[in-house]
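# Summary of the model geometry
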Amino acid sequence: MATVHKTQLSLKRKVEIAQDLSKGMTQLDAVKKYKASKGTVSRIGKEKERWVAINFETLDSAPRKGTERKRIVKVKTIDLDDKLVEYIVRARDLNAIVTGPIIQNIATMISKKLPNLDGFSASNGWLERFRSRNRIVSRALQGERASAPMNAVEEFKKILPTLLKGYDKKDVLNGDEVGLYWEQSGKRTLLQQGTDPAGSKVSKKRITVFIVAAMDGHMEQMIVINQYSKPRAFSRIHYDTNKLPACMQWKTTPKGWMNSTIFKEWLLYLNTTIETQKRNVLLFLDNFSGHECGFELAKEHLTHVRVEWLPPNCTSLLQPIDQGIGNALKIRYRKYLHEHMSKMIFIDKHPMEGVDMLRACVWLGRVWNSLHNTSTVSRCFEKAGFRFESDNEIIPDLISDIVNHDEQDILDQEVLIAGPPAVVDADQVLEMIELFDAKENQVRNAEEQDDSGAKPEIEINEEQVDLELGSRPISTKEAMLRLSELEKYFEHKGMDDEVAWVISVQDKILERVQANLIQPSIDVYLLKKNNEN
């Protein structure tokens, strides 16, 4: 006798059957469509009004199941749920933090005053079901928007068009500091289940980046502030900060923070630059003491820079830098850090090897290039409410999270540096690396040999180098090592075009390696395991 396999329908399926039967579908068609037994469909048809009237929100649906539950379990704590939801809404209106233990404690107190809840226990399981029923989620609090006085915000937005009158978008600026922990790659990691997620000491190396952006999307020269005037990494460029990317100034303070002296110097520099361009700019700043004191020291000389102060405690809503520009800078910087880490891991080196202050500045320069004249900057001004009276464009009440969009699109963006062609023959790359090393070694030896100051002539037999290259194969790992060294050399020489070219070659090699990866058969895997044992 054949075995009959019974299928237990979920509540969702039963409601769908009842809805179809109410619309005139025959029971036989419902049996064929849902592959249910005739008896089940018949029973649902007899009580189809009850099934159609079911409200899933009143059912005790466990997490991850919801409408896929098989049986109806009526919630006995409907009144308790209503009171708790009301409490959560009221608490958030007061900007209070609501946690799971707080909800459990309040539920226990309320249950004692409600009938038919004897023996109620606010367990962790009950808490999860309560959150699922009422769509309660846990979120990290963002920024300081809840502390901003809304009256001051609205008043400032009313007078903002008047302040902007007479200026072009390129002449409306906002400046603010952003703290960057340039050695931190993140706090989360991917690992195999069951592996110990032990962490290591987190780097506290920090720099302050003063960002200046304009309403039309362009970026002014930024200031990088550090504790040391001559970091060890700068010895490779002989401590010449003029060799840093042209988009940044290097400043130092004892704590690596902005102060009135640096800000005064920057204001005077900005005024001189704007004066040579025969422009007048409007600069919006927060009431940081370093800004106010620096402005007082420089205001007599500011002939082409007008400074307006944002209302106190309102920068989280009114300052464009805080609306996403600062976070976009950090996200894009971390992209370069992660790319470097992936290359180091591929060649079996420590992920953070080669990450120093000089390389961090080079990455910051590339980030500046990728943000300069982009919609990310201009949209942050729109989100902060910066708008001219003559603008007829519709600005949405709430622009979707700019940083999230930027994080999704950032992997598809290229560094805005023109370089040699990305498609390069691999053999040509390896020959170039070897020839580069041969020339460097001969130059170095020639400089060390003659103490009298006379330099011998350097002769390189390129045919001999080519023969040596052909006699010794070079592994992919060795090629990646040489390319990393070459990239470092180009960075220290300020040769941005060549750096972009080396990166494109590395990407081509990695693509070729990934394309050639073939999953081994089970026999090969077992043989490898036996050899290891």
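This text gives an overview of the structure that appears in the document. (Residues numbered from 1 in each chain as written. Predicted model: local features only at pLDDT ≥ 70, side-chain atom pairs only at ≥ 80, totals over all residues. Heavy atoms only, no water.)

### Quick word on the overall build of the protein chain
Test applied: Runs of H or I in DSSP of at least four residues are treated as helices and runs of E of at least two as strands, each being numbered from the N terminus. Whether two residues are in contact is decided by their heavy atoms: any pair within 4.5 Å suffices. Shrake-Rupley sampling with a 1.4 Å probe provides the accessible areas, and residues are treated as covered by the protein chains on show and by no other component.
In terms of helices and strands, the protein chain carries 20 helices and six strands. Within the protein chain, residue pairs in contact and separated by at least 24 positions form 73% of the contacts whose partners lie at least 6 positions apart. Just so you have it, the protein chain exposes about 33300 Å², and 49% of that area is on carbon and sulfur atoms.

### A word on the pattern of salt bridges
Rules: Throughout this description, the term salt bridge denotes a Lys or Arg side-chain nitrogen within 4 Å of a carboxyl oxygen of Asp or Glu. Categorising residues by exposure relies on relative accessible area from a 1.4 Å probe, with only protein chains included: less than 20% of the type maximum marks a residue as buried, more than 50% marks it as exposed, and the intermediate range marks it as partly exposed.
Summed over the entire model, instances satisfying the criterion amount to 11 salt bridges. With a closest N to O distance of 2.9 Å, K299 and E296 form a salt bridge. By relative accessible area, K299 is classed as partly exposed at 41%. In this structure E296 comes out as partly exposed when scored by relative accessible area, which is 46%. Among the ionic pairs, R306 bridges to E308, the shortest N-O distance being 3.0 Å.

### A word on the sheet that holds strand β5 (residues 281-285)
Paired through backbone hydrogen bonds, the strands of a sheet run either parallel or antiparallel to each other. This is how it is decided: Strands qualify as paired when DSSP identifies two bridges or more between them. To get an axis, fit a line to the C-alpha atoms, keeping to the stretch in contact for a helix; angles then go from 0 to 180 degrees between the N-to-C directions.
Sheet architecture is open: six strands sit in the order β4-β3-β2-β1-β5-β6, paired in mixed fashion. Two strands bound the open sheet, and with one partner strand each, they are β4 (248-252) and β6 (305-309). Within this sheet the neighbouring strands show an average axis-to-axis angle of 25 degrees, counted without direction. Of the strand pairs in this sheet, β5 and β6 are connected by five bridges, and their pairing is parallel. The residue of β6 that forms the bridge with L283 is V307. Strands β1 (172-181) and β2 (206-214) of the sheet are contacted by helix α14 (residues 375-383), whose axis makes an angle of about 80 degrees with β2.

### Remarks on the nonpolar core
Worth spelling out the cut-off: We define a nonpolar core as any set of buried Ala, Val, Leu, Ile, Met, Phe, Trp, Tyr and Cys residues linked to one another through side-chain atoms lying within 4.5 Å.
Formed by 56 residues in total, the largest nonpolar core has its most connected members in L164, F234, F284, L364 and F386. Counting residues per element, this core draws most heavily on helix α13 (residues 357-371), which supplies nine residues. In this structure F386 touches L160, L164, V172, M215, F284, L318, P320 and F381, once residues within four positions along its chain are discounted. L267, V281, A298 and L302 belong to the second largest nonpolar core, which has 21 residues in total.

### Notes on the packing of helix α1 (residues 11-22) against helix α3 (residues 38-46)
To be explicit about the condition: Working rule for angles: under 35 degrees goes down as roughly parallel, over 145 as roughly antiparallel, 65 to 115 as roughly perpendicular, anything else as oblique. Left-handed describes a crossing in which the near helix is turned anticlockwise from the far one by less than a right angle; the clockwise case is right-handed. Nonpolar residues are Ala, Val, Leu, Ile, Met, Phe, Trp, Tyr, Cys and Pro. Charged residues are Asp, Glu, Lys and Arg, and all others, Gly as well, are polar.
Put simply, α1 and α3 touch, their axes get as near as 9 Å, and they point 65 degrees apart. Between α1 and α3, the angle is such that the two are roughly perpendicular. For the pair α1 and α3, the sense of crossing is right-handed. Contacts between α1 and α3 pair K14, I17, A18 and L21 from the former with V41, I44 and G45 from the latter. Counted by class, the contact of α1 with α3 contains five nonpolar, one polar and one charged residues.

### With respect to the state of the cysteines
Formally: Two cysteine sulfur atoms form a disulfide, by the criterion used here, when they sit within 2.5 Å.
All told, the structure shown has zero disulfides when counted by the stated rule. No disulfide involves C247; its sulfur sits 9.6 Å from the nearest other cysteine sulfur, which is in C361. When its relative accessible area of 9% is taken as the criterion, C247 is described as buried.

### Some points on unusual backbone geometry
Most peptide bonds take the trans configuration, and most residues that are not glycine carry a negative phi. Phi at K278 takes a positive value of approximately 55 degrees, unusual for a residue other than glycine. Looking at the element boundaries, K278 is found in the loop between α9 (260-276) and β5. With relative accessibility at 77%, the residue K278 sits in the exposed group. Unusually for a residue other than glycine, N373 sits at a positive phi of about 60 degrees.

### Notes on α13
Keep this limit in mind: Expected helix span is taken as 1.5 Å per residue step, with the number of steps being one fewer than the number of residues. Nitrogen and oxygen atoms within 3.5 Å of one another constitute a polar contact, given that in protein one can donate a hydrogen and the other can accept it, and given that sequence-neighbouring residues count only through two side-chain atoms.
With 15 residues, α13 ought to run about 21 Å at 1.5 Å a step, and its terminal C-alpha atoms sit 21 Å apart, in line with that. A large share of α13 lies buried, amounting to 14 of its 15 residues. Its side-chain oxygen 3.3 Å from the backbone nitrogen of L358, D356 forms the N-cap of α13. Two residues or fewer past α13, N373 is found with a positive phi of approximately 60 degrees.

### Topic: the side chain of Q104
Counting through the fold element by element, Q104 comes out in helix α6 (residues 100-111). A polar contact is formed between the side chain of Q104 and the backbone oxygen of S123, at a distance of 3.4 Å. Among all residues touching Q104, those that are not within four sequence positions of it are A122, S123, N124 and L127.

### Considering the packing of aromatic side chains
Just so we agree on the cut-off: Any Phe, Tyr or Trp ring, taking Trp's six-membered ring, that has another such ring centre within 6.5 Å forms a pair; planes under 30 degrees apart are called stacked, those over 60 apart edge-to-face, and the others tilted. By the criterion adopted, a ring carries a charge over it if an Arg CZ or a Lys NZ lies within 6 Å of its centre and within 35 degrees of its normal.
Under the defined criterion, the tally for this structure stands at 11 aromatic pairs. Where F210 meets F263, the ring centres are 5.9 Å apart and the plane angle is 90 degrees; that geometry is what we call edge-to-face. Here F210 is found in strand β2, whereas its partner F263 is found in helix α9, with 53 residues between them in sequence. Both residues of the pair, F210 and F263, count as buried. Ring geometry for F210 versus W266: centroids 5.0 Å apart, planes at 80 degrees, classification edge-to-face. With F210 in strand β2 and W266 in helix α9, this pair connects stretches of sequence that are 56 residues apart. Of the two residues, F210 and W266, neither departs from the other in class, the shared state being buried. Site record: aromatic cluster; members linked through ring pairs are F156, F284, F381 and F386. Above the plane of the ring of Y336 lies K335, whose end atom (NZ or CZ) is 5.3 Å from the centre.

### Considerations on the pairing of β5
Each regular strand carries side chains that alternate between the two faces of the sheet. Note the threshold: Here, the term right-handed applies to a crossover whose path from the first strand over the helix to the second runs clockwise when the strands point away from the viewer.
Counted residue by residue, β5 has five buried out of five residues, so it is predominantly covered. Residues V281, L283 and L285 of β5 are buried on one face, and the alternating residues L282 and F284, pointing to the opposite face, are buried as well. Pairing of β1 with β5, which is carried by three bridges, proceeds in the parallel orientation. In the strand pairing of β5, L173 is matched with L283. Once you follow β5 into helix α10 (residues 289-298) and on to β6, the crossover reads as right-handed.

### Some thoughts on α9
When the terminal C-alpha atoms of α9 are compared, their 24 Å separation across 17 residues agrees well with the 24 Å that a helix rising 1.5 Å per residue should span. Here α9 has its buried residues at I262, F263, W266, L267, L270, N271 and I274. Capping the start of α9 is the job of one residue whose side-chain oxygen sits 3.3 Å from the backbone nitrogen of T261: N259. Immediately beyond the C-terminal end of α9, within one or two residues, lies K278, with a positive phi of roughly 55 degrees.

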